[in-house]
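Close look at the chain arrangement
The chain contents come next:
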Amino acid sequence: EEIAQLRNILELALEAQSNTTIFVGKGAARLPNTSCFATPGWKGENQVIQMDLAGFAISAGSACSSGKVRASAVLRAMGYDDETAGSAIRVSLGLETTEEDVLRFCEAWCDKERKFRARAA
């Protein structure tokens, strides 16, 4: 329950800053420690690199597509188009993850997302 609450804090903080981000499975029963979200147009692998440089380890796509560069077949089967599926990342939280960790991640991701949008404009 505590980890699900952290996941929800993560998603609410990101949602407040990015109105184009889609949270996969939001509102459905899902793993409490994992958030999968997509920002169409911003490739998942680029987000992974940006967040790695910021000190965070995340993954692109769905768990079934780890290590692959193409759009996740799982997300495609869920009805997402190639662009959206190719822009998905997964953030996993652990037993030692704190609210401070989550908020630091959100701040870093939102900063990277703003820079991406500015370059894309």
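It should be noted that the structure appears before, not after, this text.
Please read all numbers here as calculations on a predicted model, not as lab measurements.

Ranked by size, the top nonpolar core spans 20 residues in total, and within it Leu10, Leu14, Phe37, Met51, Val91, Phe105 and Trp109 carry the most contacts. Of all the secondary-structure elements, those providing two or more residues to this core are helix H1 (2-17), strand E4 (88-92) and helix H5 (99-120). Broken down by element, this core gets its largest block of residues, 7 residues, from H5. Formed by 7 residues, the second largest nonpolar core is a distinct cluster that contains Ala38, Leu75, Tyr80 and Ala85.

Further remarks concern the packing of aromatic side chains. A full pass over the atoms with the stated rule returns 5 aromatic pairs. An angle of 40° between the planes, with centres 5.4 Å apart, marks the rings of tryptophan 42 and tryptophan 109 as tilted. In this pair, tryptophan 42 is assigned in the loop between strand E2 (34-38) and helix H2 (44-53) and tryptophan 109 in helix H5, connecting sequence segments 67 residues apart. Since its relative accessible area comes to 3%, tryptophan 42 is described here as buried. Ring pairing ties together the aromatic residues Phe23, Phe37, Trp42, Trp109 and Phe116, which thus form one cluster. For the cation-ring pair, lysine 26 lies above phenylalanine 23, with the distance from its terminal atom to the ring centre recorded as 5.4 Å.

All right, on to H2 then. Of all the residues in H2, the buried ones are Gly44, Gln47 and Met51. Each buried residue of H2 sits inside an arc of 55° when the element is viewed along its axis, so together they form one side. In H2, the exposed positions angled more than 90 degrees off the buried face are occupied by Asp52 and Leu53. Contacts from the buried residues of H2 go to strand E3 (59-60), E4 and H5.

Taking strand neighbours across the sheet as the criterion, the 4 strands line up as E1-E2-E4-E3 in an open arrangement whose pairing is antiparallel. Edge positions in the open sheet fall to strand E1 (22-23) and E3, since each of these has one partner strand only. Strand direction decides the pairing type here: E2 and E4, joined by 5 bridges, are antiparallel. Bridged to threonine 34 within E4 is serine 92.

Thresholds applied
Residues numbered from 1 in each chain as written. Predicted model: local features only at pLDDT ≥ 70, side-chain atom pairs only at ≥ 80, totals over all residues. Heavy atoms only, no water. Core = buried A, V, L, I, M, F, W, Y, C linked by side-chain atoms within 4.5 Å. Buried < 20%, exposed > 50% of the residue type's maximum accessible area, 1.4 Å probe, protein only. Helix = DSSP H or I, 4+ residues; strand = E, 2+ residues; numbered from the N terminus. Phe/Tyr/Trp six-rings, centres within 6.5 Å; stacked < 30°, edge-to-face > 60°. Lys NZ or Arg CZ within 6 Å of the ring centre and 35° of its normal. Arc of directions from axis to C-beta. Contact = heavy atoms within 4.5 Å. Pairing = 2+ DSSP bridges.

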